[in-house]
Amino acid sequence: ETIKNFGFGQKTGIDLPAEERGIFRKVKNWSRISPASLSIGYEISVTAIQMLQAINVIANEGILNSPRIVRRVLNTSDETKRNPRPSLRIISRETASILNSILQGVVQGGTGSPARIQGYRVAGKTGTAQIYNPEMNSYSSDAHIASFAGFVPADSPAFSMIVVIYEPSGPYYGGEVAGP
């Protein structure tokens, strides 16, 4: 339920054509190792915008706001103009605060350190995924997707972003390639 609540396996509704749902199998199709596999990103496929939406839940203190494409924000004092779609609480404010601290740690002293910005506290998560090869029916050991998703300033987020590099040449870890 939590995975679904974060929006994985379904369209976000962003104002772009041809959005994909990603892949999230029904529980009845899980194996006994599916919970462990899902916890490290296997047996699921998500889009970049779904990942950004999930990181924004943490930035928004546990509230899911559907992503939108905007040219500019004209009036930030009127919440209905900034976010006309309904908001949903996905996790508690306390859980979001704990996750925010963990994500700050990723950037301060972990794999996301290349994403540091002097004078700001950045919160984020790196990702390094092997690309599935359907011809071999397994994940490739030499084809990767590197990513970094985060927000700044961590204590009062104003900006969030995701950087995804498909099949980088040379280094391929998310922190090394997408973090900077």
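Residues numbered from 1 in each chain as written. Predicted model: local features only at pLDDT ≥ 70, side-chain atom pairs only at ≥ 80, totals over all residues. Heavy atoms only, no water.

## Some remarks on the overall build of the chain
Reasoning step 1: Within the chain one finds six helices and seven strands.
Reasoning step 2: Beginning at the N terminus, the succession of helices and strands in the chain can be written as α-β-α-β-α-β-α-β-α-β-β-β-α.
Reasoning step 3: Relative to the compact-globule value of 16 Å for 180 residues, the chain shows a C-alpha radius of gyration of 17 Å, a close match.
Reasoning step 4: For the chain, the spread of C-alpha atoms along the principal axes amounts to about 55 × 40 × 35 Å.
Reasoning step 5: Looking at the chain as a whole, 32% of its 180 residues qualify as buried.
Reasoning step 6: In the chain, once contacts between residues fewer than 6 apart in sequence are set aside, the share between residues at least 24 apart is 49%.
Reasoning step 7: A total accessible area of about 11600 Å² is found for the chain, and carbon and sulfur atoms account for 54% of it. (Helix = DSSP H or I, 4+ residues; strand = E, 2+ residues; numbered from the N terminus. Rg over C-alpha atoms; globule rule 2.2 N^0.38 Å. Buried < 20%, exposed > 50% of the residue type's maximum accessible area, 1.4 Å probe, protein only. Contact = heavy atoms within 4.5 Å. Areas by Shrake-Rupley, 256 points an atom, 1.4 Å probe, with all protein chains shown as cover.)

## Looking at the environment of serine 66
Reasoning step 1: Tracing the backbone through its elements, the reader meets serine 66 in the loop between β3 (63-64) and α4 (79-82).
Reasoning step 2: Assessed through its relative accessible area of 17%, serine 66 is described here as buried.
Reasoning step 3: Sequence separation between serine 66 and glutamate 1 is 65 residues, and the spatial gap between their C-alpha atoms is 18 Å.

## Thoughts on the layout of surface pockets
Reasoning step 1: Approximately 1700 Å³ is the volume found for the largest pocket.
Reasoning step 2: In terms of lining residues, the largest pocket is bounded by 40 residues, among which Ile40, Gly41, Ile44, Val46 and Met51 are the most central.
Reasoning step 3: Of all the secondary-structure elements, those providing two or more residues to the lining of the largest pocket are α1 (2-5), α2 (34-39), β2 (44-45), α3 (48-59), α5 (93-109), β5 (123-133), β6 (138-152) and β7 (159-166).
Reasoning step 4: For the lining of the largest pocket, the element with the highest residue contribution is β5, accounting for eight residues.
Reasoning step 5: Tallied by class, the residues present in the lining of the largest pocket amount to 27 nonpolar, eleven polar and two charged. (1 Å grid on protein atoms, 1.4 Å probe; cavity = no way out; pocket = protein on both sides within 12 Å on 5 of 7 lines; lining within 4 Å. Points joined across faces, edges and corners; volume = space filled by probe spheres on them. Nonpolar A, V, L, I, M, F, W, Y, C, P; charged D, E, K, R; others polar.)

## What to know about the pattern of salt bridges
Reasoning step 1: The tally for this structure, following the rule as stated, stands at two salt bridges.
Reasoning step 2: In this structure, the salt-bridge partner of glutamate 43 is arginine 25, at a minimum N-O distance of 2.2 Å. Residue glutamate 43 is found in the loop between α2 and β2, and its partner arginine 25 is found in the loop between β1 (23-24) and α2; the two are separated by 18 residues along the sequence.
Reasoning step 3: Residue classification places arginine 25 among the partly exposed positions, given a relative accessible area of 32%.
Reasoning step 4: Arginine 93 is the partner of glutamate 61 in a salt bridge, and the nearest nitrogen-oxygen pair spans 3.2 Å. Of this pair, glutamate 61 sits in the loop between α3 and β3 while arginine 93 sits in helix α5, and the two are 32 residues apart along the sequence.
Reasoning step 5: Taking the relative accessible area as the measure of exposure, arginine 93 reaches 47% and is therefore partly exposed. (Salt bridge = Lys/Arg side-chain N within 4 Å of Asp/Glu carboxyl O.)

## Focus: the pairing of β6
Reasoning step 1: Pairing of β5 with β6 involves ten bridges; the strand directions are antiparallel. What sits directly across from alanine 129, in β6, is isoleucine 145.
Reasoning step 2: The loop that links β5 with its antiparallel partner β6 comprises four residues; one of these, asparagine 137, has a positive phi angle of about 55°.
Reasoning step 3: Between β6 and β7, which pair antiparallel and follow one another directly, the connecting turn spans six residues. (Pairing = 2+ DSSP bridges.)

## Here we look at the nonpolar core
Reasoning step 1: Listed in full, the nine residues of the largest apolar core are Leu52, Ile55, Ile58, Ala59, Leu103, Ala123, Ala149, Phe151 and Ala154.
Reasoning step 2: Only α3 and β6 provide two or more residues apiece to this core.
Reasoning step 3: For alanine 149, the residues in contact, after removing those within four places along its chain, are Met51, Ile55, Ala123, Gly124, Lys125, Met161 and Ile162.
Reasoning step 4: One finds Phe6, Phe8, Ala54 and Ile90 within the second-largest nonpolar core, a separate group that totals eight residues. (Core = buried A, V, L, I, M, F, W, Y, C linked by side-chain atoms within 4.5 Å.)

## Things to note about the environment of valine 122
Reasoning step 1: Within the secondary structure layout, valine 122 lies in the loop between α5 and β5.
Reasoning step 2: Relative accessible area serves as the criterion here: at 4%, valine 122 is assigned to the buried category.
Reasoning step 3: C-alpha of valine 122 to C-alpha of arginine 71: the two residues are 51 residues apart in sequence and 24 Å apart in space.
Reasoning step 4: Ignoring sequence-local partners within four residues, the contact set of valine 122 consists of Leu103, Gln104, Val107, Ala115, Ile117, Phe151, Val152 and Ala154.

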